[in-house]
Amino acid sequence: MSTKGDKTKKFICSEAYKLFAEKGFKEVTMQDICKRTELSRGGLYRHYENTAQIFSAIVSAMLADQEDEFSEKIRNNVRASEILDDVLNRYEEEMIDSGSSLSVAIYEYFSSPDISRGDDSILQQYLHSKKMWTELIEYGMCTKEFKTVEPAAVFDLIVFSYQGVRMYSRLMPVGRDIPRRITGQVRQLLLPERE
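The following paragraphs examine the structure supplied in this document. Being a predicted model, the structure only gives us computed values, none of them experimental. (Residues numbered from 1 in each chain as written. Predicted model: local features only at pLDDT ≥ 70, side-chain atom pairs only at ≥ 80, totals over all residues. Heavy atoms only, no water.)

Section: unusual backbone geometry
- Of note, the phi angle at Asn77 is positive, near 60°, even though the residue is not glycine.
- Turning to its location among the elements, Asn77 is positioned in the loop between helix H5 (71–75) and helix H6 (80–96).
- Unlike most non-glycine residues, Lys144 shows phi in positive territory, near 70°. (Helix = DSSP H or I, 4+ residues; strand = E, 2+ residues; numbered from the N terminus.)

As structure tokens, then:
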């Protein structure tokens, strides 16, 4: 595809992302995307056949863009506690930002019988994130910055708490106190008491 075509596809996905974040997956139509992008039906259908194809492209791009955000910092000997603070602070902001969350749309998309039978993107994202977090936690234990813990268990607490709050933030008001309590507990699990 041409560079112009690639740019158009990125633009479609960018605008569709906003719609999916606002309305969930099931409520977004190709007509909604035409209106948002100001593309004609033919212009949109030249690039994508349906909303599922667009959403799949968005999820695939998210997975491709999910770089191993910890490895480079670990290679550069950044303190494990500093890496942890950076990511937990970002997670706090993301947990209360319901407007950019695709949690509901992802749930709707992947709970569809047609999709759930053949697409393991969510599992792959989970496994990739688990690998990243395990590497960070093991690094922190090795440098004695973190307590000795079961990395997989701590990761599960982090990811499912994070995703749960992202989902609930779409359904009810979530203030800063909830994310702060969660990240505070993660810090207590990992960081030794300061003397």
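Structure's up, so let's keep going.
Re the packing of helix H1 (residues 3–23) against helix H2 (residues 30–37)
- Orientation of H1 relative to H2, taken along the N-to-C sense of each, is 120°, at an axis distance of 9 Å. The orientation of H1 with respect to H2, classified from their angle, is oblique. In this structure, the crossing between H1 and H2 has a hand that is right-handed. Contact with H1, carried on its side by Phe11, Ile12, Glu15, Ala16, Lys18, Leu19, Glu22 and Lys23, involves Asp32, Ile33, Arg36 and Thr37 of H2 and no other residues of that element.
- Tallied by class, the residues present in the contact of H1 with H2 amount to five nonpolar, one polar and six charged. (Axes fitted to C-alpha atoms, helices over the stretch in contact; angles between N-to-C directions. Parallel < 35°, antiparallel > 145°, perpendicular 65-115°, else oblique. Left-handed = near helix turned anticlockwise from the far one by under 90°. Contact = heavy atoms within 4.5 Å. Nonpolar A, V, L, I, M, F, W, Y, C, P; charged D, E, K, R; others polar.)

Looking at the pattern of salt bridges
- Scanning the model with the defined rule gives 11 salt bridges in all.
- For Asp85, the salt bridge goes to Arg187, with nearest N and O atoms at 2.9 Å. Highlighted residues: Asp85 in helix H6 and Arg187 in helix H11 (residues 177–190), separated in sequence by 102 residues.
- A salt bridge links Arg187 to Glu92; the nearest nitrogen and oxygen atoms lie 3.8 Å apart. Here Arg187, found in helix H11, pairs with Glu92, found in helix H6; they are 95 residues apart in sequence, far enough to count as distant. Here Arg187 and Glu92 have matching classes, each one buried.
- Each of the salt bridges in this network shares a partner with another, and the network as a whole consists of Asp85, Glu92, Arg180 and Arg187. (Salt bridge = Lys/Arg side-chain N within 4 Å of Asp/Glu carboxyl O. Buried < 20%, exposed > 50% of the residue type's maximum accessible area, 1.4 Å probe, protein only.)

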